[in-house]
Structures are given as C-alpha cells and as structure tokens.
Amino acid sequence: MTDRQKLVEVTDLRVRFASESGPVTAVDGLSFGLGAGESLGLVGESGSGKSTVAFTLLGLHRGSGAEVTGTVRVDGTDVLAAAENELRALRGARAAMVFQDPLSALDPYWAIGEQIAEVHRVHTGSSRAASRRRAVEVLDRVGIPDAARRAGAHPHEFSGGMRQRALIAMALACSPKLLIADEPTTALDVTVQAQILDLLHDLRTEHGMALLLVTHDLGVVAGNTDRVLVMRDGRAVERGPVAEILGTPRELYTRELLAAVPRLDGPRERPAGATGDILLSVTDLRRHYPAPARRSAAPGRRALLGGREELRAVDGVSLDIRRGETLGVVGESGSGKTTLGRLLVRLTQPTSGRIRFEGTDLAQASERRLQPFRRDLQMVFQDPVASLNPRRTIGDSIADPLRARGGPSGPQVRREVGELLERVGLRPDWYHRYPHELSGGQRQRVGIARALAPRPKLIVCDEPVSALDVSTQAQVVRLLSDLQGEFGLTLVFIAHDLAVVRQVSDRVAVMRHGKIVELGTADDVYAAPEHPYTRRLLAAVPVLDPAEADRRRAARAELRLPEKESALAS
Amino acid sequence: MIRFLLRRTVSTAAVLLVMSAVVYLVFYAAPHDPAVLVCGKGCDGTRLAVVRHKLGTDLPVWEQYGNFLRGLVAGRTFDSGNDVTRCAAPCLGYSFQTDQPVLQMITQRIPVDLSLTLGAMVIWLLLGVGTGLLSALRRGRLVERALTTLTLAGMATPVFLVGLLVLMLFCASLQWMPFPTYTAFTDDPAQWAANLVLPWFSLALVISAAYARMTRSSLLETLAEDHIRTNRAYGLSERRIVLGHALRGALVPVLTMLAIDVGQILGGAMLTESVFGFDGLGRLLVTSVNQIDLPVVVGATLFAGFFVVIANAAADLLYALADPRVSLA
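Residues numbered from 1 in each chain as written. Chains lettered and ligands numbered in written order. Predicted model: local features only at pLDDT ≥ 70, side-chain atom pairs only at ≥ 80, totals over all residues.

### Some thoughts on the overall build of chain B
Which entries qualify depends on this criterion: Where helices and strands are cited, they refer to DSSP runs of H or I of at least four residues and of E of at least two residues respectively, numbered from the N terminus. Once C-beta atoms are placed from the backbone, each residue is buried if 20 or more other C-beta atoms lie within 10 Å of its own, exposed if 12 or fewer, and partly exposed for counts between those two. This entry defines residue contacts through backbone-placed C-beta atoms, with two residues in contact when those atoms are within 7 Å.
A count of helical and extended segments in chain B gives 13 helices and four strands. The principal-axis extent of the C-alpha atoms belonging to chain B is close to 85 × 55 × 35 Å. Each of the 329 residues in chain B was classed as buried or not, and the buried ones make up 37%. Within chain B, contacts between residues at least 6 apart in sequence are counted, and of these 65% link residues at least 24 apart.

### So, the overall build of chain A
How we decide: Within these notes, the globule rule equals 2.2 Å times the number of residues to the 0.38 power, and the radius of gyration is based on C-alpha atoms.
Each helix and strand counted, chain A has 21 helices and 21 strands in total. In terms of C-alpha radius of gyration, chain A reaches 25 Å, essentially the compact-globule figure of 25 Å for 570 residues. Seen along its three principal axes, the alpha-carbon backbone of chain A occupies a region of about 75 × 60 × 45 Å. Expressed as a percentage of its 570 residues, the buried residues of chain A come to 44%. Expressed as a percentage of contacts within chain A between residues at least 6 apart in sequence, the contacts between residues at least 24 apart total 69%.

### Topic: the sheet that holds strand 1 (residues 8–19) of chain A
All names here are of chain A. Counted only if it meets this: The pairing criterion is simple: DSSP has to find at least two bridges between the two strands. Every axis corresponds to a line fitted to the C-alpha atoms, with the helix fit spanning only the stretch in contact, and the corresponding angles, defined between N-to-C directions, vary from 0 to 180 degrees.
As summarised here, the arrangement of the four strands in space is 2-1-4-5, forming an open sheet in which the pairing is antiparallel. The open sheet has two free edges, formed respectively by strand 2 (22–34) and strand 5 (77–78), since each of these has just one partner strand. Relative to strand 1, helix 1 (residues 50–57) is tilted by about 115°, and along the sheet it contacts strand 1, strand 2 and strand 4 (67–74).

### As for the nonpolar core
Heads up, the condition is: For this entry, the nonpolar core is defined as buried Ala, Val, Leu, Ile, Met, Phe, Trp, Tyr and Cys residues connected by C-beta atoms within 7 Å. The start and end points of each domain follow an automatic or database-based domain assignment.
Counting 224 residues, the largest nonpolar core has Leu57, Leu139, Ala166, Ala169, Leu178, Leu212 and Val492 of chain A as the members making the most contacts within it. For this core, the element with the highest residue contribution is helix 8 (residues 189–223) of chain B, accounting for 15 residues. Each of two domains, domain 1 (32–91) and domain 2 (110–322) of chain B, supplies a minimum of three residues to this core. Residues in contact with Leu212 of chain A, not counting those within four places in the same chain, are Leu34, Leu40, Leu42, Ala54, Leu178 and Ile180 of chain A.

### Some details on the sheet that holds strand 17 (residues 377–380) of chain A
By definition, the strands of a sheet pair up through backbone hydrogen bonds, in either a parallel or an antiparallel sense. All names here are of chain A. Taken in spatial order, the six strands line up as 17-18-19-14-20-21 in an open sheet, and their pairing is mixed. Each edge of the sheet is formed by a strand with only one pairing partner; in this case those strands are strand 17 and strand 21 (515–521). Averaged over all adjacent pairs, the angle separating strand axes in this sheet is 20°, with direction ignored. Direction of pairing for strand 18 (residues 458–462) relative to strand 19 (residues 490–495): parallel, over a ladder of five bridges. By the bridge assignment for strand 19, Ile459 is matched with Leu491. Each of strand 17 and strand 18 touches helix 16 (residues 440–452); the most contacted strand, strand 17, lies at about 175° to it.

### Let's talk about the interface of chain A and chain B
As a measure of interface size, the accessible area lost when the parts come together is often cited. We apply this condition: Each residue is assigned to one of three groups, with Ala, Val, Leu, Ile, Met, Phe, Trp, Tyr, Cys and Pro labelled nonpolar, Asp, Glu, Lys and Arg labelled charged, and all others, Gly among them, labelled polar.
Between chain A and chain B, the residue contacts involve 23 residues of the former and 19 residues of the latter. Contributions of two or more residues to the side of chain A that touches chain B are made by helix 2 (84–90), helix 3 (102–105) and helix 4 (112–124) of chain A. At three residues, the largest contribution of residues to the side of chain A that touches chain B is made by helix 4 of chain A. Residues that form the side of chain A that touches chain B fall into these classes: 14 nonpolar, five polar and four charged.

### Thoughts on the packing of helix 5 (residues 102–137) of chain B against helix 10 (residues 238–266) of chain B
Residues and elements named next belong to chain B. Short version of the rule: By convention the crossing between two helices is left-handed if the near helix lies anticlockwise of the far one by an angle smaller than a right angle, and right-handed if it lies clockwise.
Running from N to C, helix 5 and helix 10 cross one another at 145°; their axes reach a closest spacing of 11 Å. In the packing of helix 5 onto helix 10, the handedness of the crossing is right-handed. Side by side, helix 5 and helix 10 meet where Asp113, Leu114, Thr117, Met121, Val129 and Leu137 of the first sit next to Val242, Val254, Val262, Ile265 and Leu266 of the second. Residues that form the contact of helix 5 with helix 10 fall into these classes: nine nonpolar, one polar and one charged.

### Description of the pairing of strand 20 (residues 507–512) of chain A
Residues and elements named next belong to chain A. Along strand 20, six of the six residues are buried, which leaves the element largely enclosed by surrounding structure. Of the two faces of strand 20, the one lined by Arg507, Ala509 and Met511 and the one lined by Val508, Val510 and Arg512 are each fully buried. Here strand 14 (residues 326–330) pairs with strand 20 via four bridges, running parallel. Within strand 20, the position partnered with Val330 by the bridge is Val510. Across six bridges, the pairing between strand 20 and strand 21 is antiparallel. Looking at strand 21, one finds that Met511 is bridged to Ile516. Where strand 20 hands over to strand 21, the hairpin turn is made up of two residues, of which His513 adopts a positive phi near 50°.

### Here we look at the domain arrangement of chain B
Splitting chain B by domain gives domain 1 (32–91) and domain 2 (110–322). The C-alpha-based centres of domain 1 of chain B and domain 2 of chain B are spaced at 41 Å.

### Observations concerning helix 4 of chain A
An α-helix turns once per 3.6 residues; consequently, residues spaced three or four apart project the same way. All names here are of chain A. This is how the line gets drawn: One fewer than the residue count of a helix, multiplied by 1.5 Å, yields its expected span.
Between the first and last C-alpha of helix 4 there are 19 Å, a value that for 13 residues agrees with the 18 Å anticipated at 1.5 Å per step. With 10 of its 13 residues buried, helix 4 lies for the most part within the structure. If you check which residues of helix 4 are buried, you get Ile112, Gly113, Gln115, Ile116, Ala117, Glu118, Val119, His120, Val122 and His123. On its buried face, helix 4 sits against helix 5 (128–141) and helix 7 (160–172). Immediately beyond the C-terminal end of helix 4, within one or two residues, lies Gly125, with a positive phi of roughly 70°.

### Side note on the packing of helix 5 of chain B against helix 6 (residues 142–156) of chain B
Residue and element names in this part refer to chain B. Between helix 5 and helix 6, whose axes approach to 8 Å, the crossing angle comes to 145°. Where helix 5 crosses over helix 6, the handedness of that crossing is left-handed. From helix 5, Thr131, Leu134 and Ser135 reach across to helix 6, where they touch Val143, Glu144, Leu147, Thr148 and Thr151. Partitioned by chemical class, the residues of the contact of helix 5 with helix 6 number three nonpolar, four polar and one charged.

### Side note on the pairing of strand 6 (residues 95–98) of chain A
Residues and elements named next belong to chain A. The alternating pattern of strand 6 places Ala95 and Met97 and Ala96 and Val98 on opposite faces, both of which are buried. Both strand 6 and strand 7 (residues 178–182) contribute to a ladder of four bridges, which runs parallel. Across the sheet, Ala95 pairs through a bridge with Leu178, a residue of strand 7.

### Focus: unusual backbone geometry
In this structure, Pro90 of chain B follows Ala89 of chain B across a cis peptide bond, with omega equal to -10°. Its identity as a non-glycine residue notwithstanding, Asp12 of chain A has a phi of 50°, on the positive side. By the element assignment, Asp12 of chain A lies in strand 1. Accessibility expressed as a C-beta count within 10 Å gives 12 for Asp12 of chain A, which makes it exposed.

### Topic: the environment of Leu196 of chain B
For Leu196 of chain B, the position within the fold is in helix 8. With 76 residues separating them in the primary sequence, Leu196 of chain B and Thr272 of chain B have C-alpha atoms 11 Å apart.

### So, the environment of Asp429 of chain A
If you trace the backbone, Asp429 of chain A turns up in the loop between helix 15 (410–423) and helix 16. Each C-alpha atom of the pair Asp429 of chain A and Gly418 of chain A lies 7.0 Å from the other, and the pair is 11 residues apart in sequence.

### With respect to the environment of Ala93 of chain A
You can see Ala93 of chain A is positioned in the loop between helix 2 and strand 6. When the C-alpha positions of Ala93 of chain A and Ala467 of chain A are compared, they lie 33 Å apart, and in sequence the two are 374 residues distant. Beyond its immediate sequence surroundings of up to four residues, Ala93 of chain A is in contact with His123, Cys174 and Pro176 of chain A together with Gly235 of chain B.

### A few points about the confidence of the model for chain B
All names here are of chain B. Selection criterion: The score called pLDDT rates the predictor's confidence residue by residue, from a low of 0 to a high of 100.
Confidence in the prediction for chain B averages 87 pLDDT; 100% of positions are at 70 or higher. Predicted confidence in chain B is weakest over helix 2 (residues 34–39), with a mean pLDDT of 78, and strongest over helix 9 (residues 226–233), with 94. Scoring the predicted complex yields pTM 0.82 and, for the interface, ipTM 0.80.

Here you go:
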C-alpha cells in the first residue's frame, strides 16, 4: 500500500464472543489503516462492532473471553501477540482512549488531577511533583478554568462537559500519537458537544495526532474526520473521503443511514398549524426543589426561611396546548424540560401555578380528584429499559392501564393488548415476552402502546428516541405521527435533539433555566430564531456537509475570541 | 461536621428513649413480681408490701418509668422507711438481687467485650478481606474454589463449636496454653493478650467468612466498572489497579457490615463469652434474664442498643471520609 509504515494497521480482524445463544461475531474480517496525523471516522449503529474495534486496538479485549484473530499493529506494537507489559507501554502513552461516559470512566474516589498525574508518572517515571504539574498543564490546555485549583476536584464536582475535557486531558498527558475517541460526545448537550469536537480538532492540528473517532452520529463525523468507514454487522460497508461518503454514497445502507438522520434543513413532514381549541393550558407554573448541598447547577435563590438554596426546575412557565397539535420542547440538560413534562400530566405536583385541562384546574388536585383524568394524560418515558418492569411480561405492562380502568374481562383485555401491540408494529402473540427479549426500539414501542392503552387525549413523550439508533429513531417518530392522526392525539415531544423536534412539531418551545425563552411555530423558530440562546443552540447542531461544518467551526472560533478577551479583561 | 454530631447525638438519645420505654413496658408487664423475687422465701403479705414500696413497683407503670428517667439525671433513693438504698446519678436502676447499681455491673464488664470485639475485629478484617481479595483475583482457579469451600464452612460453623474445639485442642490435648481467664489490660497487657488469643481467633474465624464473601463479590463488581477499564486503557498495572483503585470502592459495603457486626458484638458476645468463661455483657444479660433481674435487663439492653447506634454513626463518618461524594449533612 504505502511506503511508510502506517500508525495503525488492522488486517482481517475477527472478534467472536461466546453468548448464551451461541457464539456472536462482533467483527467479521475488517481491515483498515490509519497514518500518522490522519483522522478516520468509524460509523455504525449499535451492534455494528465499531466499539469492539476501538477496544481491540488497545488490546482491551483481553480477559473478556473474546476470540480474536487477524493482526492489529499500533505504532509498531503487535497488539494481539504483545506481552502484557509491552501492551501497557502502548496504552495511554502512545495511543490513548477517550470514553463515552466521562462520569463512570473516571474514578469517583480520586481527585481528577491525581488520576491524570498517575498516568503520566506510570509512563514517564517522573516525580510526583512533575506529574502533577503536567496534569495542571493539560487540564489548562483543554480549557478547564483555574486548572491548578480544579485539579484537586473530584469527578462529581465537574459538569458533564468538564468531565469529558478532563478525560481528554488524561489522554493528552503523555502526548500520544493516536487518539481513540469512542462516542466522545454522545452523553453531552449540543453546545457542549460542539465545544468538545472543536477542542479535539484544535488538539489534532496542534500536536499532529491521529484520530480514530467512533460514533453513531454521521453529523459528528462530518466536521471532524478526513475519511469515513461505515460498519454494519462487523463488516465494512463503505469507506472513503468524508465528503464523498456523506455527499455521494454508493451503498444502499449508507444512503438509508443518511436519510434517517434528522436534519435542520430538510423538508418538514408536518404541514404547519393545527387550529383546535385549547386542550391544556398552564399559567405561571413553577416547581422548586431544595437544591443539593454545595453545588447547584441552575441558579438558585436563598429561601426566606431555613436559608437553604432552592433549585427552580420550572420557573414560571405559561403556555397553551391545542387539541391535535404537537408541541416540541427543546433545551439542554438541566433546563427543566423533563420536570415540565411531568407537571403537564401531573406526575409531579407544581409548587405554584395553574394547570387547566378541559376546564378543570389540576394543579393542586388530590390524587382522588385526579383519578378520572389519569387516563387522559399519559407519558412515554426516555428509558424504555428502566420504565418497564423487567419481571413482568410486556402484555401485562400494557394491560395495567386497561385493568385500572376497570370493567373489561380477561379475554377482552388480552384482545385489546394484542391490537395495541399490532398497532405499534409488534406481533400480538408477543404478549408473554419480557422486556429483555426485545431491542431498544421494540421496547420503546411497548412504552408507546402502554401510553396508548387508556385512549388518552394527551401524551407527553420525554426524549422518546434519544436512546435509539438513527434508523430506529426515524421509525418511532413516524409511528408517533401516524398514531396522532389515527387517534386524534395531542403530543408534547420533549427532546434535546433540535433536528428531531423540528421534524415532528407544529410549535416549538425553547427552554433554559426553567423558563421558556422562545415559543413559536416550528418554521419560525428554526428559520428566524429570535432569542440568542436559540441561535446558539442551532449553531451548535452538527451538519452533514463537511465544508459547511468547517465554516461553522471557524464561525464558532470567531465567537470564542471576544469571549476570551472579555474574560481576560474582567 | 458539628451539625452531624449534634444531629446524631439527638437522634441517639431519641432512639434510646424509645427503646427504654419499650423494654420497660415489656418486662414490667411480664407476669413476675420483682418484689416477690427480692423478698425471698418465707415472705408474708406485710413484708411484701414494704418491699414493693421500696422498689417502687406499687406505682403505676408510667410512674415507674418516670422514676427511672429521673434517676438517670438525679439519682435514686429506694426507701422503705427503715432500710435505705442509694443509687447515685446517673442511676440506671438497682439490682436488689445482687445488691449493686446496674450501671456499675455493666461498666465492670464493658472492657471484656471491648477487648474481645476490637481484637477479633482486627483479625477478621485481615483474614476476611485478605481471603476475599485473593479469591477475587484468582477467580475460577483452584485457589478460589478451595477458599470458597472454606468460607462456606466457616459461615456454617457456630462459634461455640470452634471455641470448644480450640479449647480441647490447645488447652486440653496439646496443653500449649492454660484455659483462658480474662485479665484486665491495665493489670498485665501481656497476660491480657495471651488470654484473649483463643477467643479472638475463634470469633474472628467464624465472622471472617462473611467478610471474605462480601469482599470478593464487591471487588468483582468494582473491577467490572468503567473507571477500572479506563485504568487498564491507560496502562496501569493490575496490582496498581486493584490496590489503588478497585479495593477502596469495594470496601465501602464491607464498612456497613462492619458497623453492624461491631455494634452487635460489643453489646454482648454471649456464645464466645460462655465458652471461654468470660464475664461480659452477654453473659450478664443471659443471667439477668434467667433470674428475672429486670433492672439489669433494661440496663444491658439499653447498652447493647447504644453500641449499635454508635457503631452506625461511626460508619457514616467513615463513609464520608472514604467517599468524596458523601457529605455529612
């Protein structure tokens, strides 16, 4: 192939795991190379084997019982054959990994600076003091303010974005030649995601590091890698320069994947404007919580009595929801969007304010008075694993609201559940299956069937698709909009993904710090955002066009300069 | 920290108050008249009335309880007219059967349980955590199977059996050491330790089995966590990972278990005390229950409860020290 030795060379890699239902082939004859300073995006849906490849590069499969064949060379080390100490000399020193979930990836008992210093000391044999200085240096480089002091903080004292920066700092500690990033921004808000990706980009140009970016998000790949490898079922489907793969994909699978990505610029499925009467109306709705000790994420305020900080999760929200419409609610984590959703269906009692549903104020109603309204107000939860009882069959879970209604006999309930299962695209004879036998998308369909069972008027969907792959996401979104037409449902669609919300909503509310900062028709909000926060959110959304992604990054860098200057001045 | 101590003191007092009330009610409602027992044989009606009056058992239960509480602060005087018994504050009651203040009977015996428990604790922690560590690191190998079998056997063996066996072996058959008798630490530290070695090991051997299992499962769980994977991905040695990163998190649940055990055993290790003939709180409680010496029962029970509450407060304190995410509030 090339004259010079590649930094990473993977040839005919096969990884097999033993599972209860026989051996599973996670990676099936994959070959690729990565030269020094190059960047490659490894893209695929969950189960495609992309993370397994990333782990194998550092020999992290060892001890897991996986059966690995082929060859993997990283910076001259034969990873599959190398001795344990040879491998340790590679890990963290010449090839470093950035993990997906920065909270669980850091040791909760150790100060962040100490964890980074330990890695540096192990590989360089430096003194404790020198390694600590290096830790502060890299923390400062990744943009942790007041790094010398913050190095003594523990992971739980950092926000999600700062934890991810800290993890990147750890990767930088020994100036590696290769950075492997496994879904580095999946757990983060869109604005923080943009910051982290920009940071990775800057570091790469600065240090000439090679980057292997593993992600399910084609938008993340667009602006951050030179080449892309699309994986499916452990095999390479298509590979090439990023502009080519995203612009003119040859393979059907890549085209399908691209088509499923919700876009900010694509056509909208929904004709704007449902003009029904007002179904639910909330006025000056508030929900306050006593703030957690010490650190409070949102601005709190000292309560008059007790002197305890207060967290205002929802802080004076007023809005009307019209019959038959879909209201999208977007916001970053901690903006109060989930609390608002729970208030709308009265799963949470508001601290103050009014909730009028078809003429009745439910805000402070007792559980007994709420009873007749429960069936009208339903909710679909984000995590279908956690919101289904793992010890009950999915049929029983869906039947609960039917039985709660009282009346129908056993066989009738059984029949209705069968119909519901069929309606959400599952088989009626799956009544006796358990949640763990289902995929993520199927479980979310069960969640939807359960919400649908009592024939509600309003369903609040709280991040219903954020745990799903893009193609599954598209199917579930389509299902929801079909059901809406069929049953005359009113939907509140809560999500942090601006593109998904745009796709499904008639009107959109943008939330920040417990308040609605902008509310309008989806077309208005996305085409002509009025609030600067909305504009910032929209600017941070990854785009699929690499050239456009570069332009946007430059624009963000411009925006950051005055910020830095003003920070220096103050 | 000060808030924590203050809150804990108040809640401890509240727990003990409720406990004392319940114990009082249960035992004083029992169909035994303490006066009859104190009065002895050949007791006639007039004499019994005098004794009752002295003991205060002629009063309604709530008044008796009130006197008990008042005695804690002000001391008590049991007076039948011609025969006066004083019990200085803090008076936890007076045992007329042994003619001693209850508090004195208990404080005399506390050093026995303190020595027994804390010494055994050191051994069972070393033994249990060590075994657990070893079997977690040698998972699936012969060493682990052997250790698992041993710990299961340990859990299934009652302490009196182990105690009797070591006594028969070391003291009777081999005659390596004399039968233990408790010697106070302040009298002769060497003798204190020599006499406690067998009880320590008997108690620790049995208890350590549970710690071995707990440490093993907790360590395996911690080793499967994401931050351990990070350690591996950054080239740390297995030894550094286990001792530096995994063990600390793994020992947190062990701490909870330790607090419960120490609190309980401090309040009386009846079987161990009995086998080795030590006069501790456990035996005191058993004897007083058998002889229906109610003031002693109440006092000993309260002390047992006190130790449990204190041990748990200590565990919370250690929690906060061990885990930066836990704050004392």
